[in-house]
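Residue-level listing of the chains:
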Amino acid sequence: MAEGLDFSVRYPFSESAKKHIQGMAPDERIVELAVERVKKALKGESSARMLLHDTEKMEEIASFAAARMMLGHLHNNFLTSRFAVNESKRARGYLDRDGDAAVDEVASRFGIATKGEGDRLAVDLPTYLRYSLRNPDYRLINMRILHGTVEIKRSQKLRLIEEAVRQHVEDIPLVKDPPDIIKQAAKKLLAEIPKNESRIIIKAGDHPPCVMKMLESARKHENLPHHARWYLATYLTAIGMGEEAIVKVFEDLPDFNEKVTKYQVSHIRKKEYSVPSCATIMTYGLCCAVCGIGHPLNWHTLTDDRKGVIRK
Ligand code: SF4
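Conventions and cut-offs
Residues numbered from 1 in each chain as written. Predicted model: local features only at pLDDT ≥ 70, side-chain atom pairs only at ≥ 80, totals over all residues. Heavy atoms only, no water. Near = heavy atom within 4 Å. Nonpolar A, V, L, I, M, F, W, Y, C, P; charged D, E, K, R; others polar. Phe/Tyr/Trp six-rings, centres within 6.5 Å; stacked < 30°, edge-to-face > 60°. Helix = DSSP H or I, 4+ residues; strand = E, 2+ residues; numbered from the N terminus. Buried < 20%, exposed > 50% of the residue type's maximum accessible area, 1.4 Å probe, protein only. Core = buried A, V, L, I, M, F, W, Y, C linked by side-chain atoms within 4.5 Å. Contact = heavy atoms within 4.5 Å. Domains from an automatic or database assignment. Buried area = accessible area lost by both parts, 1.4 Å probe. Salt bridge = Lys/Arg side-chain N within 4 Å of Asp/Glu carboxyl O. Pairing = 2+ DSSP bridges. Axes fitted to C-alpha atoms, helices over the stretch in contact; angles between N-to-C directions. Left-handed = near helix turned anticlockwise from the far one by under 90°.

**Focus: the site of the ligand**
- In the vicinity of the ligand, the contacting residues are Pro208, Cys210, Cys278, Ile281, Cys287, Cys288, Ala289, Cys291 and Ile293.
- Along the lines of polarity and charge, the residues of the shell around the ligand split into 9 nonpolar, no polar and no charged.

**A closer look at the packing of aromatic side chains**
- What the rule picks out here adds up to 7 aromatic pairs.
- Between Tyr11 and Tyr94 the ring centres are 6.3 Å apart and the planes differ by 75 degrees, which places this aromatic pair in the edge-to-face class. Placement of the pair is Tyr11 in the loop between helix 1 (5-10) and helix 2 (15-20) and Tyr94 in helix 5 (residues 77-97), with a sequence separation of 83 residues. Comparing Tyr11 with Tyr94, the two get one shared label, buried.
- Arranged with centres 5.7 Å apart and planes meeting at 40 degrees, the rings of Phe13 and Phe110 form a pair that is tilted. Taken as a pair, Phe13 in the loop between helix 1 and helix 2 and Phe110 in the loop between helix 6 (100-109) and strand 1 (114-117) lie far apart in primary sequence, 97 residues in all. Assigned by exposure class, Phe13 and Phe110 land together as buried.
- Three or more aromatic residues joined by ring pairs form one cluster here, namely Phe7, Tyr11, Phe13, Tyr94 and Phe110.

**A look at the nonpolar core**
- Of all hydrophobic cores here, the largest spans 55 residues; its most connected members are Ile112 and Ile161.
- When residues of this core are assigned to their parent elements, the largest contribution, 8 residues, is made by helix 4 (residues 54-74).
- What Ile112 contacts, discounting residues up to four positions off in sequence, is Ala107, Val123, Thr127, Tyr131, Leu160, Ile161 and Ala164.

**A word on the domain arrangement of the protein**
- Its domain assignment divides the protein into domain 1 (5-189) and domain 2 (209-311).
- For domain 1 and domain 2, the distance between their C-alpha centres works out to 30 Å.
- Taken residue by residue, the interface counts 10 residues in domain 1 and 15 residues in domain 2.
- A combined buried area of about 1000 Å² lies between domain 1 and domain 2, and 54% of that area is made up of carbon and sulfur atoms.
- For the interface between domain 1 and domain 2, the tally reads 0 salt bridges.
- For the side of domain 1 that touches domain 2, the residue count by class is 3 nonpolar, 2 polar and 5 charged.

**Section: the pairing of strand 1**
- Where strand 1 meets strand 2 (residues 120-124), 4 bridges bridge the pair, whose relative direction is antiparallel. When the bridges of strand 2 are listed, Glu117 appears paired with Arg120.
- Linking strand 1 back to strand 2 in an antiparallel pair, the connection comprises 2 residues, with Gly118 at a positive phi of about 55 degrees.

**Some thoughts on the packing of helix 5 against helix 8 (residues 154-170)**
- The contact between helix 5 and helix 8 brings their axes to 8 Å, and the two run at 145 degrees. Of the two elements, helix 5 crosses helix 8, and the hand of that crossing is right-handed. Of helix 8, the residues touching helix 5 (which contributes Thr80, Ser81, Phe83, Ala84, Val85, Glu87, Ser88, Lys89, Ala91, Arg92, Leu95 and Asp96) are Ser155, Leu158, Arg159, Ile161, Glu162, Val165, Arg166, Val169 and Glu170.
- Residues of the contact of helix 5 with helix 8, tallied by class, amount to 9 nonpolar, 4 polar and 8 charged.

Structure below.
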């Protein structure tokens, strides 16, 4: 068994972590750490800390539970998504360094069981579909499938676990009446959410269905796969949107990083990358309607009636 106090600190969503803090009520220190944990998630900073004493380790584990309680009380998509992404990346950092025993222990928490060794691991199809990324590298057509199992590499297994952690952390039940100390801290946390006054206004029919869907996902603070971001940035650039406004669109994504986004948007503009065709977008798995226009930019040549028929 890989379980122990240090394991629980690294993986605070584990069953062993729950056992370690059973009966511990959130006090001032724990809530302070919990607020810090969510604030770091908002900035995309790592919340991992060097801890020497067992008391500190217990507080650290409890801070994860307290943060979830606060987020469950607030029920704010933006905060919850940012927190889930940051916690899954934190766990991934440890998974990259931990040995197979710890990795398998975490994997079992989410029902991810693999057979085989090294870079030839077999995972059952339903588990793979549940946790694999919506990106071409993970599409079944590019994978080896044998007797209902999918062959994956060790790094892909870690990526499945990372996604499982994200989904688990994001799935926070509503906490209607938490202790007062949690309620007060939750109120303060709300003030940390960036205001979005300059968010672009988008009306139905302004853009092709695939673009509208991505903009809607971003607005709901849902993650967009790499190809979706790329396509969206090239499209918005092509229709003449400024760099600053494009960065604002990405600002709502849970793992938004201003510096990286600015660099990528400016790179796309400088290199004059073209908007992919509908055929390419289909291979990305991002097409969601049969527009029959061949290229997303042709959307702007359609009459309003034709756009209306396609949207139905
Ligand atoms: S047909 Fe083209 S424009 Fe329409 S949803 Fe699909 S990819 Fe987008």
